[in-house]
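# Architecture and fold: a report
The primary structure of each chain is shown beneath.
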Amino acid sequence: MERLPILAIVAAAVQRYRQLFPDLMRVIALPALAHAVILYVWFRLTANQKPLFLLLWVAQGFLMTLAAHSCHRVILLGPESVPPLGSSGTAARDWRFLCTAVALFVTISLLQLLGNMAIFIPLSALAPNTAPANSDLAVTLTWLTFLPALYVTCRYAVCLPAAAVDRRLLASQAWQLTQGHGLRLLLLVGIAPWLFHLVQRWLASSFSIDADYIVAANLLFWLFLPLEIALLSVCYQRLSRAAA
């Protein structure tokens with residue numbers, strides 16, 4: 001079985017990102033603008049207001065999910081498959097994609113929680129003062145528990161582009177489809193976005209004023225997001241063709 005070619009997938013994702021850049025920016029423009037408004041409210045009004053904080057956090061996730069849905073369709077089906085302003089969140093397809101994204105979020109959160117419990121509860125019992133919450137050891141252990149959770153989630157992540165193109169892909173089918181490709185999916189779909197995030201922070205750090213940093217970081221996030229989506233779209237497309 002041929003493994004996913006990492007360099008070829010990166011090249012294909014970059015090519016589609018460049019070719020479809022105007023259309024990708026068009027379909028994420030409205031979510032990006034709404035996200036900017038939420039950030040403004042977030043930093044001005046959420047202090048000591050947990051209900052508002054939670055509401056804005058959910059709204060952020062909803063906007064990013066809609067943007068991801070639009071990008072998947074543009075990349076896999078073409079610009080004509082998406083309304084001029086992107087997915088509106090009113091179609092049944094939009095909500096199927098949203099439910100899939102929520103399921104993935106719950107999966108990675110539960111797996112990381114279980115991993116943390118498996119390590120930190122015995123460690124706290126045996127050596128209560130060994131790993132304070134902010135210590136380097138605690139951070140390292142947290143990352144070690146996060147990677148297996150991220151690996152499993154990357155295996156199931158192909159359900160997202162499948163839902164975007166109206167294909168029903170069960171969890172068992174996604175696991176079978178990605179069999180033997182887990183580590184490469186981890187690199188392409190899990191580690192690559194984290195590297196993009198580091199680049200975003202590095203570029204935004206050139207602004208010394210907090211407000212400028214937030215604006216730059218937000219702008220870079222939305223510029224990189226379609227490229228991250230393209231990596232997952234290309235992986236799904238190659239796996240689907242190989243399985244056909």
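Heads up: these notes are all about the structure in this document. (Residues numbered from 1 in each chain as written. Predicted model: local features only at pLDDT ≥ 70, side-chain atom pairs only at ≥ 80, totals over all residues. Heavy atoms only, no water.)

### Observations concerning the overall build of the chain
Rule in force here: Only DSSP runs of H or I covering at least 4 residues are called helices, and only runs of E covering at least 2 are called strands; the numbering of each starts at the N terminus. We call a residue buried when its accessible area falls under 20% of the maximum for its residue type, exposed when it is over 50%, and partly exposed in between, using a 1.4 Å probe and counting protein chains only. Note on areas: Shrake-Rupley with a 1.4 Å probe; residue coverage comes only from the protein chains shown.
Helix and strand counts for the chain stand at nine helices and zero strands. Of all 244 residues assigned to the chain, the portion counted as buried reaches 42%. Surface accessibility of the chain: about 13800 Å² in total, with carbon and sulfur atoms responsible for 69%.

### Considerations on the side chain of T153
For clarity, the threshold we go by: What makes two residues a contact is simply this: any of their non-hydrogen atoms within 4.5 Å.
Here T153 is to be found in helix α5 (residues 136-156). Excluding its chain neighbours within four sequence positions, the residues that come into contact with T153 are L104, T107 and I108.

### Quick look at the environment of A162
Structurally, the position occupied by A162 is in helix α6 (residues 159-164). Once the C-alpha coordinates of A162 and A174 are considered, the two residues, 12 residues apart in sequence, prove to be 9.5 Å apart.

### A look at unusual backbone geometry
Negative phi values dominate among residues other than glycine, just as trans dominates among peptide bonds. Here D166, not a glycine, exhibits a phi torsion of approximately 65°, which is positive. Tracing the backbone shows D166 in the loop between α6 and α7 (171-177).

### A short note on helix α3 (residues 50-77)
Selection rule: Given the number of residues in a helix, its expected span is that number minus one, multiplied by 1.5 Å.
In this model α3 runs 40 Å from its N-terminal to its C-terminal C-alpha over 28 residues, within 8% of the 40 Å that 1.5 Å per residue would give. Looking at the residues trailing α3, positive phi occurs at G78, about 105°.

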